[in-house]
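Coordinate inspection notes
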Amino acid sequence: TEGRNRWRAFDATMAQALLYRRRLESDLRDALAADGEGLSLVYQPQFCLNDSRIIGYEALARWKHPSFGAIPPAEFIPIAEEAGMIAELGEWILNRACDAARAWADDLTIAVNLSPAQIFEGDLTAFVKATLDRTGLDPARLELEVTEGVLIDNPERALHVLHGLKDLGVRISMDDFGTGYSSLSYLQTFPFDAIKIDRSFTQGLDETRSKTGLHAEAIVRAVIGLGHAIGIPVIAEGVETQTQFDRLKALKCDAVQGYLIGKPMPHLIDPLPEFDTKIV
Ligand code: C2E
Ligand code: CA
Ligand code: CA
Ligand code: CA
């Protein structure tokens, strides 16, 4: 009977989790129907190491649920994907991001994350084009970040869409590089415009005296060399410490992003905040 009780408890937890998820799904649907009420974007600066300035911002989605408070994107993006709402959510995000960037200095870029599901739901290329036309944003200022997961399910269709996007003049970067199974083969499949080194490698740069630290440094060095060999810039994410920053600069990484430079912020202050030159 002890086993059976344990199963009952397990069932109850499962049922609760399922209810909670259904609730989030339905509330997210309502939020989208109400023009994104409770949804917002925050912007995290990307800092160029070659000329020591902020070159653009990555837009990150936020959701303040009316009863549960902040729900992280790692939680609500998959819900939107599975519930068939990612096209709609993705459109809301892209519209917001392009509107925001349109108001910034015109040499700043805006990076927007694409979920793999967005590639397969609706006509993404037509939507991106319509958004660029509506906002008048220079396509060269828009960068779409995709993870290699985008090329797993239906690579042919994904490549078709990615090429269509590139033809619009927007840039496509490979996010979370090195965390999936075959990043290298994807670099050969599609002409990405930039590589983003995943935070897990960046953080290893602090431990250069340990074996894993040495490996992290070797990997970062190799990825930077690879990017440069194929002629595209490499940006490191999750830079939190001065040591990481200094190592990346010494390794000739092109740009960095992370809490050391700036956390994701709801509004851009105009003029841009003076950058803390101590760390450069
Ligand atoms: P990502 O695209 O890899 O985004 C980077 C994540 O790292 C963000 O988490 C960011 O807030 C966090 N981060 C930035 N700098 C640092 C740092 O120095 N240290 C640490 N520890 N973390 C840092 P966030 O905003 O929670 O987003 C998580 C993931 O959710 C994103 O990973 C992305 O995959 C997804 N996501 C966020 N916004 C969107 C969106 O608008 N659309 C789509 N499709 N996915 C999104
Ligand atoms: Ca990203
Ligand atoms: Ca990333
Ligand atoms: Ca990620």
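Provided above is the structure to which this section pertains.
Now for a look at the structure at hand. (Residues numbered from 1 in each chain as written. Chains lettered and ligands numbered in written order. Predicted model: local features only at pLDDT ≥ 70, side-chain atom pairs only at ≥ 80, totals over all residues. Heavy atoms only, no water.)

Some remarks on the coordination of the calcium ion (ligand 4)
- The coordination sphere of the calcium ion (ligand 4) contains the protein donors Asp176 (OD) and Asp176 (OD), at a distance range of 2.5 to 3.1 Å.
- In this structure, the calcium ion (ligand 4) lies 5.8 Å from the calcium ion (ligand 2).
- Mapped onto the elements of the fold, Asp176 is located in strand 6 (residues 171–177). (Donors = N, O, S within 2.8 Å, 3.2 Å for Na, K, Ca; no water. Helix = DSSP H or I, 4+ residues; strand = E, 2+ residues; numbered from the N terminus.)

Re the coordination of the calcium ion (ligand 3)
- Surrounding the calcium ion (ligand 3) are the protein donor atoms Asp175 (OD), Asp176 (OD), Glu237 (OE) and Glu237 (OE), at 2.1 to 2.5 Å.
- Here the donor residues of the calcium ion (ligand 3) are spaced in sequence according to D-D-x60-E.
- A distance of 3.9 Å spans the gap from the calcium ion (ligand 3) to the calcium ion (ligand 2), which Asp175 bridges by coordinating each metal. With Asp175 in strand 6 and Glu237 in the loop between strand 8 (234–236) and helix 10 (242–250), the pair connects residues that are 62 residues apart, well separated along the chain.

Comments concerning helix 10
- For helix 10, the set of buried residues is Gln244, Phe245 and Leu248. Viewed end-on, helix 10 has its buried residues packed into an arc of 100°, placing them on one side of the element.
- Those residues of helix 10 hidden inside the fold are in contact with strand 1 (39–48), helix 8 (199–204), helix 9 (211–229), strand 8 and strand 9 (255–256). (Buried < 20%, exposed > 50% of the residue type's maximum accessible area, 1.4 Å probe, protein only. Arc of directions from axis to C-beta. Contact = heavy atoms within 4.5 Å.)

Some thoughts on the packing of aromatic side chains
- Evaluation of the coordinates by the stated rule reveals 6 aromatic pairs.
- For the ring pair Phe47 and Phe245, a centre distance of 6.2 Å and an interplane angle of 45° mean the geometry is tilted. Taken as a pair, Phe47 in strand 1 and Phe245 in helix 10 lie far apart in primary sequence, 198 residues in all. Accessibility assignment for this pair places Phe47 and Phe245 in one class, buried.
- An aromatic cluster is defined as three or more aromatic residues linked by ring pairs; in this entry it consists of Tyr43, Tyr57 and Trp104.
- Positioned above the aromatic ring of Tyr259 is the side chain of Lys263, whose terminal nitrogen or guanidinium carbon lies 4.8 Å from the ring centre. (Phe/Tyr/Trp six-rings, centres within 6.5 Å; stacked < 30°, edge-to-face > 60°. Lys NZ or Arg CZ within 6 Å of the ring centre and 35° of its normal.)

Details of the site of ligand 1
- Around ligand 1 sit 21 residues in total, of which Gln44, Arg62, Arg199, Glu240 and Tyr259 are the nearest.
- Between ligand 1 and Tyr259 there is a distance of 2.8 Å, counted from an oxygen atom to a backbone nitrogen or oxygen.
- Counting residues per element, the ones that place at least two in the shell around ligand 1 are strand 2 (53–65), helix 2 (73–82) and strand 6.
- By residue number, the principal contributor to the shell around ligand 1 is strand 2, which donates 4 residues.
- In terms of residue class, the shell around ligand 1 is made up of 9 nonpolar, 5 polar and 7 charged. (Near = heavy atom within 4 Å. Polar contact = N/O pair within 3.5 Å; in protein donor to acceptor, adjacent residues only side chain to side chain. Nonpolar A, V, L, I, M, F, W, Y, C, P; charged D, E, K, R; others polar.)

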